[in-house]
Amino acid sequence: MRFGITILTDQPWAEARPRWQAAEQLGFDHAWTYDHLVWGGLPDSPWTTSTPVLGAAAAVTSSIGLGTLVSSPNFRHPYLLHRDAQALESISDGRFLLGVGTGGNLDSAVLGADELSLGDRTARFRELVETLVALRDDDHVTREGRWFSVRDARTLPPLRRTPLLVAANGPRSVRFAATVGDGWVTTGPMAASLDAWFAGLAESAEVFEAAQAEAGRADLPRYLLLDSARYLPDQDPGTVRTSLASVDLFAEMVGRAAGLGFTDVVAHWPRPEDPYAADEATLERVASEVLPAMR
């Protein structure tokens, strides 16, 4: 098992920098941030975009993987995203991880775009991913799409060390991730209990396994966002309890994720209040006790 931590961009860099450095020092394998213009969980908070933050994080760390969780087509054209990935791959010396997902409608709404149906958002996301793959694999790329087009797009230098990690939850999307992605990211289903959440994850893992085999692929990494399990048995629906609420809870969730074949789990850096409220002392205990024992 590999372990990741997500650090939100609501803090000024002077306060965030020690967290990125500590994530590496604590032994996490990868550290992430959201890629939004505005995040619905903290709509009134200060916010910065991911690319400069990850570039700065790369400059103050040396070994930890750094990624977006996730970039979406809500405000990202695939060619610009590809160019940003090239820059971050170079700055980080190959440590950048490009997570991509469908996204909601908030970022695009801020830009004055019309709200899309789930079907249109999914179609747009697939087009984003397919264009990213074409840009990664070729030079002088021309594609005409419904959502995105590129004409004779130069792609040098080649993007060779950055995995494309595709976020997916529903069966069709999970099969798509298994077919085109370099790895699968999932938040799992909405569920009424932790057991139900893991039961849904088990079904998705079976779909992914079958699709991977059908595509002639194997051993793709599987990233599970632990803090997406929002509905736990001992609390009211809708409240969020993070995986770092206790050392025992974190260890239990990691063990169950490993049993379903997940290779990587990701939690959130504890915040003093919701979302993701937890004690940093628990994070430190998890790093010293759980990470070495469950690798």
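Above this note sits the structure.
Residues numbered from 1 in each chain as written. Predicted model: local features only at pLDDT ≥ 70, side-chain atom pairs only at ≥ 80, totals over all residues. Heavy atoms only, no water.

What follows deals with the layout of surface pockets. Size it by volume and the largest pocket reaches roughly 1,100 Å³. Along the wall of the largest pocket there are 37 residues; nearest its centre are Val70, Gly103, Gly104, Asn169 and Thr187. Its residues assigned to classes, the lining of the largest pocket comprises 14 nonpolar, 17 polar and six charged. (1 Å grid on protein atoms, 1.4 Å probe; cavity = no way out; pocket = protein on both sides within 12 Å on 5 of 7 lines; lining within 4 Å. Points joined across faces, edges and corners; volume = space filled by probe spheres on them. Nonpolar A, V, L, I, M, F, W, Y, C, P; charged D, E, K, R; others polar.)

Attention now moves to helix α2 (residues 50–59). Burial within α2 is extensive, with seven of its ten residues counted as buried. Residues of α2 that are buried include every one of Ser50, Thr51, Val53, Leu54, Gly55, Ala57 and Ala58, and no others. (Buried < 20%, exposed > 50% of the residue type's maximum accessible area, 1.4 Å probe, protein only. Helix = DSSP H or I, 4+ residues; strand = E, 2+ residues; numbered from the N terminus.)

Attention now goes to the packing of α2 against helix α3 (residues 78–91). At their nearest, the axes of α2 and α3 sit 9 Å apart, and the two run at 10° to each other. Here α2 lies roughly parallel to α3, going by the angle between them. Note that α2 runs across α3; the crossing there is right-handed. When α2 is examined against α3, the residues Thr51, Leu54, Gly55 and Ala58 are found in contact with a partner set consisting of Asp84, Leu88 and Ile91. Taken together, the residues of the contact of α2 with α3 sort by class into four nonpolar, two polar and one charged. (Axes fitted to C-alpha atoms, helices over the stretch in contact; angles between N-to-C directions. Parallel < 35°, antiparallel > 145°, perpendicular 65-115°, else oblique. Left-handed = near helix turned anticlockwise from the far one by under 90°. Contact = heavy atoms within 4.5 Å.)

Residues Leu106, Val110 and Leu111 make up a contiguous nonpolar surface patch of about 270 Å² in total accessible area. Following the sequence through the fold, valine 110 ends up in helix α4 (residues 106–110). Exposure remark for valine 110: the relative accessible area of 48% places this residue in the partly exposed category. (Patch = residues over 30% accessible without salt bridge, like charges linked within 9 Å, V, L, I, M, F, W, Y side chains within 5 Å. Areas by Shrake-Rupley, 256 points an atom, 1.4 Å probe, with all protein chains shown as cover. Salt bridge = Lys/Arg side-chain N within 4 Å of Asp/Glu carboxyl O.)

The geometry of α3 relative to helix α5 (residues 118–137) is characterised by a closest axis approach of 9 Å and an angle of 50° between their N-to-C directions. As judged from the angle between their axes, α3 and α5 are oblique. The handedness of the crossing between α3 and α5 comes out as right-handed. Here α3 contributes Pro78, Tyr79, Leu81 and His82 to the contact with α5, which in turn contributes Leu128, Thr131, Leu132, Leu135 and Arg136. Tallied by class, residues from the contact of α3 with α5 come to six nonpolar, two polar and one charged.

This part is about the nonpolar core. One finds Ile5, Trp20, Val100, Trp197 and Phe250 to be the most contacted residues of the largest nonpolar core, which totals 64 residues. Apart from residues lying up to four places away in sequence, tryptophan 197 is in contact with Thr187, Gly188, Pro189, Ala191, Leu224, Leu225, Leu226, Ser228, Ala229 and Met253. Among the nonpolar cores identified, the runner-up in size contains nine residues, and Trp32, Leu69, Tyr223 and Leu225 belong to it. (Core = buried A, V, L, I, M, F, W, Y, C linked by side-chain atoms within 4.5 Å.)

This paragraph deals with the pattern of salt bridges. Scanning all chains against the criterion turns up 17 salt bridges. The closest approach of N and O atoms between arginine 2 and aspartate 264, which form a salt bridge, is 2.9 Å. Of this pair, arginine 2 sits in strand β1 (residues 2–6) while aspartate 264 sits in strand β10 (residues 264–268); the two residues are 262 residues apart in sequence, bridging distant segments of the chain. Measuring nitrogen to oxygen at the nearest pair gives 3.3 Å for the salt bridge that ties arginine 146 to aspartate 120. Taken together, the positions of arginine 146 in the loop between β5 (141–143) and β6 (150–153) and aspartate 120 in helix α5 put the pair 26 residues apart, joining distant regions of the chain. The class of arginine 146 is exposed, set by a relative accessible area of 58%.

Cis geometry marks the peptide bond from leucine 69 to valine 70, where omega comes out at 5°. Tracing the sequence through the fold places valine 70 in strand β3 (residues 65–71). The omega torsion across aspartate 274 and proline 275 is 0°, close enough to zero to call that bond cis. As for its placement among the helices and strands, proline 275 is situated in the loop between β10 and α9 (280–294). A positive phi is found at aspartate 93, a non-glycine position, where the angle reads about 60°. Looking at the secondary structure, you find aspartate 93 in the loop between α3 and β4 (96–100).

Now for the sheet that holds β4. Adjacent strands of a sheet pair through backbone hydrogen bonds, lying either parallel or antiparallel. Strand order in the closed barrel made by the eight strands is β1-β2-β3-β4-β7-β8-β9-β10, with parallel pairing throughout. The mean angle between the axes of side-by-side strands here comes to 25°, regardless of whether they run parallel or antiparallel. Taken together, the three bridges between β4 and strand β7 (residues 164–167) define a ladder with parallel strand orientation. From the neighbouring strand, leucine 98 faces β7, where its bridge partner is leucine 164. (Pairing = 2+ DSSP bridges.)

When you tally the buried positions in β4, you get five out of five residues, the bulk of the element. Side chains of β4 alternate between two faces, with Phe96, Leu98 and Val100 and Leu97 and Gly99 buried alike. Of the strand pairs in this sheet, β3 and β4 are connected by four bridges, and their pairing is parallel. What sits directly across from glycine 67, in β4, is leucine 97. Handedness of the crossover joining β3 and β4 through α3: right-handed. (Right-handed = clockwise from strand over helix to strand, strands pointing away.)

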